[in-house]
Number of protein chains: 2
Amino acid sequence: MSLPSGALSFLPILGLPEVQPGNDLSALLDAALRSLPNQELRDGDVLVVAQKIVSKAEDRYVDLCTVEPGAEARELAQRCGKDPRLVELVLRESTEVVRVAPQVLIVRHRLGFVVANAAIDQSNLPQGGERALLLPVDPDASAENLRQELEHRHGLQLAVLISDSFGRAWRLGVCGTCVGCSGLRPLVDLRGTPDRSGRPLQVTQLALADQLCATATLVCGEAAEGRPMVIVRGVPAPYFATGHGARELLRPLQQDLFR
Amino acid sequence: MSLPSGALSFLPILGLPEVQPGNDLSALLDAALRSLPNQELRDGDVLVVAQKIVSKAEDRYVDLCTVEPGAEARELAQRCGKDPRLVELVLRESTEVVRVAPQVLIVRHRLGFVVANAAIDQSNLPQGGERALLLPVDPDASAENLRQELEHRHGLQLAVLISDSFGRAWRLGVCGTCVGCSGLRPLVDLRGTPDRSGRPLQVTQLALADQLCATATLVCGEAAEGRPMVIVRGVPAPYFATGHGARELLRPLQQDLFR
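Reading the values: rules and limits
- Residues numbered from 1 in each chain as written.
- Chains lettered and ligands numbered in written order.
- Predicted model: local features only at pLDDT ≥ 70, side-chain atom pairs only at ≥ 80, totals over all residues.
- Helix = DSSP H or I, 4+ residues; strand = E, 2+ residues; numbered from the N terminus.
- Buried ≥ 20, exposed ≤ 12 C-beta atoms within 10 Å, placed from the backbone.
- Contact = placed C-beta atoms within 7 Å.
- Expected span 1.5 Å × (residues − 1).
- Axes fitted to C-alpha atoms, helices over the stretch in contact; angles between N-to-C directions.
- Parallel < 35°, antiparallel > 145°, perpendicular 65-115°, else oblique.
- Left-handed = near helix turned anticlockwise from the far one by under 90°.
- Nonpolar A, V, L, I, M, F, W, Y, C, P; charged D, E, K, R; others polar.
- Domains from an automatic or database assignment.
- Core = buried A, V, L, I, M, F, W, Y, C linked by C-beta atoms within 7 Å.
- Pairing = 2+ DSSP bridges.

### Brief notes about the overall build of chain A
If you tally the helices and strands in chain A, you get six helices and 12 strands. Within chain A, the proportion of its 259 residues that are buried is 46%. Once local pairs closer than 6 in sequence are excluded, the contacts in chain A between residues at least 24 apart make up 59%.

### Here we look at the environment of Leu14 of chain A
All names here are of chain A. With respect to the helices and strands, Leu14 occurs in the loop between strand E1 (8-12) and helix H1 (25-35). Sequence separation of Leu14 and Leu36 is 22 residues, and the distance between their C-alpha atoms is 7.6 Å. Other than its neighbours up to four places away in sequence, Leu14 contacts Ala32, Leu36, Gln39 and Arg227.

### Points about helix H6 (residues 208-220) of chain B
Residues and elements named next belong to chain B. Taking 1.5 Å per residue as the helical rise, H6 with its 13 residues ought to reach 18 Å, and the 18 Å between its terminal C-alpha atoms agrees with that figure. Judged by how many residues are buried, H6 sits mostly within the fold: 13 of 13 residues are covered. Downstream of H6 by a residue or two, Gly221 has a phi angle that is positive, lying close to 80 degrees.

### Details of the environment of Leu36 of chain B
All names here are of chain B. Positionally, Leu36 belongs in the loop between helix H1 (25-35) and strand E2 (46-50). Taking the number of C-beta atoms within 10 Å as the measure of exposure, Leu36 has 12 and is therefore exposed. Placed 23 residues apart in sequence, Leu36 and Ile13 show a C-alpha to C-alpha distance of 9.3 Å.

### Describing the packing of H1 of chain A against helix H5 (residues 139-154) of chain A
Residue and element names in this part refer to chain A. It is the contact of H1 with H5, at a shortest axis distance of 9 Å, that shows an interaxial angle of 45 degrees. As the angle between them shows, H1 and H5 are arranged oblique. Read as a crossing pair, H1 and H5 show a hand that is right-handed. In this structure, H1 uses Leu25, Ser26 and Asp30 to contact H5, whose residues at the interface are Leu146, Glu149, Leu150 and Arg153. The residue makeup of the contact of H1 with H5, split by class, is three nonpolar, one polar and three charged.

### A word on the domain arrangement of chain A
Residues and elements named next belong to chain A. The domain architecture assigned to chain A consists of domain 1 (9-58 + 139-250) and domain 2 (62-131). Counting residues at the interface gives eight residues for domain 1 and seven residues for domain 2. Broken down by class, the residue content of the side of domain 1 that touches domain 2 amounts to three nonpolar, two polar and three charged.

### Here we look at the nonpolar core
Side chains of a nonpolar character, in soluble globular proteins, are inclined to be buried together. The biggest cluster of nonpolar side chains holds 151 residues, and the ones touching the most others in it are Leu161 of chain A together with Leu161 of chain B. Not counting residues up to four positions away in its chain, the partners in contact with Leu161 of chain A are Val46, Val48, Ala143, Cys178, Gly180, Cys181, Leu184, Ala209, Leu212 and Cys213 of chain A.

### Some thoughts on the packing of helix H6 (residues 208-220) of chain A against H6 of chain B
Relative orientation of the contacting elements H6 of chain A and H6 of chain B amounts to 135 degrees, with a least axis distance of 8 Å. The pairing of H6 of chain A with H6 of chain B is recorded here as oblique in orientation. Helix-helix and strand crossings are classified by hand; for H6 of chain A and H6 of chain B the assignment is left-handed. On H6 of chain B, the residues that touch Leu208, Asp210, Gln211, Leu212, Ala214, Thr215, Thr217 and Leu218 of chain A of H6 of chain A are Leu208, Asp210, Gln211, Leu212, Ala214, Thr215, Thr217 and Leu218 of chain B.

### Structural notes on the pairing of strand E1 (residues 8-12) of chain B
Burial analysis of E1 of chain B places five of its five residues in the buried class, the great majority of the element. Here E1 of chain B shows two buried faces, one formed by Leu8, Phe10 and Pro12 of chain B and the other by Ser9 and Leu11 of chain B. Bridge analysis of E1 of chain A against E1 of chain B gives three bridges, and the strand direction is antiparallel. Residue pairing in the sheet places Phe10 of chain A in a bridge with Leu8 of chain B of E1 of chain B. By the bridge criterion, four bridges tie E1 of chain B to strand E12 (residues 229-233) of chain B in an arrangement that is antiparallel.

### Digging into the pairing of strand E8 (residues 159-166) of chain B
Residues and elements named next belong to chain B. Among the eight residues in E8, eight count as buried, and that is most of the element. Taking every second residue as pointing to the same face, both faces of E8 are buried, with Ala159, Leu161, Ser163 and Ser165 on one and Val160, Ile162, Asp164 and Phe166 on the other. Bridge analysis of E2 against E8 gives five bridges, and the strand direction is parallel. Within the sheet, the bridge partner assigned to Ala50 lies in E8 and is Ser163. Where E8 meets strand E9 (residues 175-182), seven bridges bridge the pair, whose relative direction is antiparallel. Bridge assignment links Ile162 to a residue of E9, and that residue is Gly180.

### Digging into the sheet that holds strand E5 (residues 104-109) of chain A
All names here are of chain A. In space, the three strands of this open sheet follow the order E4-E5-E6, with antiparallel pairing throughout. The two strands at the open ends of the sheet, each matched to only one other strand, are strand E4 (94-101) and strand E6 (114-116). Pairwise comparison of adjacent strand axes, ignoring direction, gives a mean angle of 25 degrees for this sheet. Of the strand pairs in this sheet, E5 and E6 are connected by three bridges, and their pairing is antiparallel. Following the sheet pairing, Ile106 is matched in E6 by Ala116. Each of E4 and E5 touches helix H3 (residues 71-80); the most contacted strand, E4, lies at about 30 degrees to it.

Pasting the structure below:
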């Protein structure tokens, strides 16, 4: 399959099993790639992985029966109409409650993301029991480990993004958002680059990792057809670099206009 | 070029000229498609068009020399350090000033978008003179007209999205965002769809049009290599529908938690 210059392709990995705690994602990926023809990693591919399977592999499950809500959680739970045990977990995962309203609990996650319910997930778990699934402890480190393992196995230059679906302040619908990044510049600074008429661009920093995760999440699918890994092929070579992380996408607190 | 099931491709249209006021975008697109081999529209393609060229074709230029700033614009200009004539234009295009700070002017555009400087653009204009470029008067109508014209010319089912780069509340970097939509559901409601374990998904409305525009904007490029039209190939057929518009992506004012 050859693509015209400048094209990007999003290719779902087919054949992945349901991920279990302790699974090695790079080994699962390799088995899936080998299970079907025409699935392969190539030099310069970006692998986008759904946060959910990273959290599952890292056993970030919490059994809600084991959670004892404190006074703040019980009070907040009453205001937002959510399970006090879930609210307790949200508070433990957060540094700040941003907004509370009926059925709404938006916090600043300890990793810096402003997100509903601290991105704690209760869907797509095996039936039975009430379990919550937290974000990985350090998604940038998870992405870095997976990238290094895959580069070692395949002898290729790759990048790994970990994606989750977040809501937005003023727009409906969730959009894939980067929560972990390795091997790619999450933010591309084009300030000073000349535009078509030779005038330097003023304020263009591209949220590259978020832009890729937005579409990758769509290709992953949210429901029964879930395909939690997607290869993005065609990302320009200058965007690859080590030593970056998704935290670079966070607006610094002193620039947050909505506190 | 055949793609695996579930894959999405973003294919930039090469060979488009600089768009001039009065240009017919469907005719420019057809000429560009014919100018190079292996460029074609197919049934089920989504065409993403940069807002900038729609505004140029619709001559949404304003010569800043002709703008007389009023008292409110002069006062705001002092607070945010921007050109009072630009601020006057921003106010004319807006229904509400959301936030003002040094170098920051965030408003609710008359079309409902919360966006910096009312999405008024001063880059990528031909050299000389100070001109501003406003959003199209009705981007959903612009998308609808272009879709109907292209479907008529090509005898295909298509969708057209108009994309602009918007900043976000809590994250750095701009991300492609849908400001006009025709032929596609901008918001896909998956609530009630079973997940992998059979449990209905709780809150998943996908911001489909924004997810596609996010990556399309990346393929468009912001600088000298600008390719202001991109074909998205592989969008599932059930997502196509007429009678929708980008305004459906706006969070209703009464759900806006940040007023």
